[in-house]
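# Architecture and fold: a report
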Amino acid sequence: EVITLLTLINVGNYDLAFSNILGSNMFNFLVLVVGDLLLNGICIFDIMDNKAYVLAFLGLIITFISMILNFRKKSYTKFTYILFSVLILITYFIFWLFNFIC
């Protein structure tokens, strides 16, 4: 994924690079759904610890913010893009901090 992302950025195909990240993230959530379905009578949340809950929630927040930016409109201002980008960076920093400290 990293090599594909860097190659797409070097070529200048930023939309495809973004789609690659978003698609990979959505696939990972799909794996969780399938895993939950395959656990007979056990909810996947029953075997997760508190750290996994927070990391999954922060991952969903980043995905939703990215999807909002992807469905951008011409009416978005530069401030809107900066605001969403800062929100993603803050959420990612919290994700990183929580993942490595806890």
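Up top you'll find the structure we're talking about.
Here we summarise the structure given alongside this text.

### Describing the side chain of Thr91
Within the element layout of this structure, Thr91 appears in helix α4 (residues 78–101). Sequence-distant contacts of Thr91, defined by excluding residues within four places in its chain, comprise Leu58, Ile61 and Ile62.

### Re the nonpolar core
One finds Ile62, Ile65, Leu69, Phe84 and Ile88 forming the largest nonpolar core, which totals 5 residues. At the level of secondary structure, the elements contributing two or more residues to this core comprise α3 (50–70) and α4. In terms of residue count, the dominant contributor to this core is α3 (3 residues). Residue contacts for Ile62: discarding those within four places in its chain leaves Ile88, Thr91 and Tyr92.

### Section: the layout of surface pockets
A volume near 690 Å³ is recorded for the largest pocket. Looking at the largest pocket, it is lined by 21 residues, and the ones nearest its centre are Ile21, Leu22, Asn25, Ile62 and Ser66. Those elements giving two or more residues to the lining of the largest pocket turn out to be α1 (2–11), α2 (14–38), α3 and α4. With 8 residues, α2 is the single largest residue contributor to the lining of the largest pocket. Roughly 200 Å³ of volume is contained in the second largest pocket. Lining of the second largest pocket is provided by Phe29, Leu32, Val33, Asp36, Ile44, Phe45, Met48, Tyr53, Ala56, Phe57 and Leu60. Of all the elements in the fold, those that place two or more residues in the lining of the second largest pocket are α2 and α3.

Rules used throughout
- Residues numbered from 1 in each chain as written.
- Predicted model: local features only at pLDDT ≥ 70, side-chain atom pairs only at ≥ 80, totals over all residues.
- Heavy atoms only, no water.
- Helix = DSSP H or I, 4+ residues; strand = E, 2+ residues; numbered from the N terminus.
- Contact = heavy atoms within 4.5 Å.
- Core = buried A, V, L, I, M, F, W, Y, C linked by side-chain atoms within 4.5 Å.
- Buried < 20%, exposed > 50% of the residue type's maximum accessible area, 1.4 Å probe, protein only.
- 1 Å grid on protein atoms, 1.4 Å probe; cavity = no way out; pocket = protein on both sides within 12 Å on 5 of 7 lines; lining within 4 Å.
- Points joined across faces, edges and corners; volume = space filled by probe spheres on them.

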